[in-house]
Amino acid sequence: MSAETLTAIAVALAAGWASGLNAYAAVLVLGLAQRLGLVALPHDMQILESPWVLGVAAILFALNFFADKIPYIDSINDVLQTFVRIPAGVLLAYGAAGGLSPEVSVIAGLLGGTLAAGTHIAKTGSRALINTSPEPFTNVVASLGEDVTVLGGAGAGDRAP
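Residues numbered from 1 in each chain as written. Predicted model: local features only at pLDDT ≥ 70, side-chain atom pairs only at ≥ 80, totals over all residues. Heavy atoms only, no water.

## Things to note about the packing of helix H3 (residues 73–96) against helix H4 (residues 102–130)
For clarity, the threshold we go by: As a rule, the C-alpha atoms of each element are fitted with a line to give its axis, helices using only the stretch in contact, and angles between N-to-C directions run from 0 to 180 degrees. Only runs of H or I of at least four residues qualify as helices and only runs of E of at least two qualify as strands under DSSP, and these elements are numbered from the N terminus. Comment on the angle field: the value is read as roughly parallel under 35 degrees, roughly antiparallel over 145, roughly perpendicular from 65 to 115, and oblique elsewhere. With the far helix as reference, a near helix turned anticlockwise by less than a right angle produces a left-handed crossing, and one turned clockwise produces a right-handed crossing.
It is at 6 Å that the axes of H3 and H4 come closest, and there the two elements cross at 160°. As judged from the angle between their axes, H3 and H4 are roughly antiparallel. Helix-helix and strand crossings are classified by hand; for H3 and H4 the assignment is right-handed.

Written out as structure tokens, the structure reads:
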């Protein structure tokens, strides 16, 4: 297996996983990494470096960032994000494997969607449990931890071999 193939698979899996926590952060990290020359994304994903895509992703990330810190609002947001995170995981993973064979791209998309669904379900479930805590600090700490994790996780996929 070539280094290019391994890199595409690593980016696909990292993007799918990260999308399950925060699709906007995943798009932002990948787009900024491409724009800053830190990574060469596959042709199908280079659109992520567009100022328009980066701007919209940044605005949506900011809105999600604040909604995610408020108990119960975060749970409503997580339910709504089901319709964003999982499809984003599919599309980002599919795009990351776009330079490979069509079969590998489809498999990457399926795996990306599965990873996004898994991390999304884990996040949504754990946040629902955290919301039963009477103090708001646990919610904020959990949310900040998720933000740091998705930024680091998506960035790690960018630097795969």
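Now that the structure has been shown, the text picks up again.
## Quick notes on the nonpolar core
So the rule is basically this: In this text, buried Ala, Val, Leu, Ile, Met, Phe, Trp, Tyr and Cys residues form a nonpolar core when linked through side-chain atoms within 4.5 Å. Partly exposed describes any residue whose relative accessible area lies between the buried limit of under 20% and the exposed limit of over 50%, with all areas from a 1.4 Å probe on protein chains only and scaled to the type maximum. In this analysis, two residues are considered to be in contact whenever any of their non-hydrogen atoms come within 4.5 Å of each other.
Residues Leu30, Leu41, Met45, Leu48 and Leu92 are the most contacted members of the largest nonpolar core, which totals 27 residues. When residues of this core are assigned to their parent elements, the largest contribution, 13 residues, is made by helix H1 (residues 3–35). Those residues in contact with methionine 45 that sit more than four places away from it in its chain are Leu30, Leu92, Gly95 and Ala96.

## Considerations on the packing of aromatic side chains
Spelled out, the test is: Aromatic rings from Phe, Tyr and Trp, taking only the six-membered ring of Trp, are treated as a pair when their centres fall within 6.5 Å; an angle between ring planes under 30 degrees marks them as stacked, one over 60 as edge-to-face, and anything in between as tilted. In this scheme, Lys NZ or Arg CZ marks a charge over a ring once it lies within 6 Å of the ring centre and within 35 degrees of the ring normal.
For the structure shown, the criterion picks out two aromatic pairs. Note on phenylalanine 65 and phenylalanine 66: the rings are 5.3 Å apart at their centroids and 90° apart in plane angle, and the pair reads as edge-to-face. The rings of Phe61, Phe65 and Phe66 are connected pair by pair, giving a single aromatic cluster. In this arrangement the basic side chain of lysine 69 is found over the ring face of phenylalanine 65, its NZ or CZ atom lying 3.6 Å from the centre.

## Some points on the packing of H1 against H4
Two numbers describe a pair of packed helices, the interaxial angle and the distance between the axes. Here is the rule we go by: Residues are grouped as follows: Ala, Val, Leu, Ile, Met, Phe, Trp, Tyr, Cys and Pro are nonpolar; Asp, Glu, Lys and Arg are charged; every other residue, Gly included, is polar.
Running from N to C, H1 and H4 point in directions that differ by 30°, and their axes come no closer than 7 Å. Judged by the angle between their axes, H1 and H4 are roughly parallel. Considering the relative orientation of H1 and H4, their crossing is right-handed. Residue-level inspection shows Ala12, Leu13, Gly16, Trp17, Ser19, Gly20 and Leu21 of H1 in contact with H4, the latter providing Ala108, Leu111, Gly112, Leu115, Ala116, Thr119, His120 and Lys123. In terms of residue class, the contact of H1 with H4 is built from eight nonpolar, six polar and one charged.

## Some thoughts on the environment of glutamate 103
By the element assignment, glutamate 103 lies in helix H4. Glutamate 103 sits 28 residues away from serine 75 along the chain, and the two C-alpha atoms are 36 Å apart.

## Some thoughts on the pattern of salt bridges
Just so we agree on the cut-off: Any carboxyl oxygen of Asp or Glu within 4 Å of a side-chain nitrogen of Lys or Arg constitutes a salt bridge here.
Within this structure, the stated rule accounts for three salt bridges. Residue lysine 123 is joined to aspartate 68 by a salt bridge in which the shortest nitrogen-to-oxygen separation is 3.2 Å. One end of the pair, lysine 123, is in helix H4; the other, aspartate 68, is in the loop between helix H2 (51–67) and H3, with 55 residues separating them in the sequence. On the accessibility criterion, lysine 123 (3% relative accessible area) is buried. On the basis of relative accessibility, which here comes to 1%, the residue aspartate 68 falls in the buried class.

## Considerations on the environment of aspartate 78
Mapped onto the secondary structure, aspartate 78 falls in helix H3. Classification of aspartate 78 by relative accessible area gives buried; the value is 0%. Here the alpha-carbon distance between aspartate 78 and aspartate 68, two residues 10 residues apart in the chain, equals 8.3 Å. Dropping the residues within four chain positions of it, aspartate 78 is found in contact with Asp68, Arg85, His120, Lys123, Thr124 and Arg127.

## Things to note about a nonpolar patch on the surface
Quick note on the threshold: Residues enter patches when their relative accessible area tops 30% and they take part in no salt bridge; the joining distance is 9 Å for like charges and 5 Å for the nonpolar side chains Val, Leu, Ile, Met, Phe, Trp and Tyr. Each accessible area is a Shrake-Rupley estimate made with a 1.4 Å probe; only the visible protein chains count as cover when residues are assessed.
Side chains of Met1, Leu6, Ile9, Leu13, Val104, Ile107, Leu111 and Leu115 sit close together on the surface and give an oily, nonpolar patch of about 670 Å² of accessible area. With four residues, the single largest contributor to the nonpolar patch is H4. Within the secondary structure layout, isoleucine 107 lies in helix H4.

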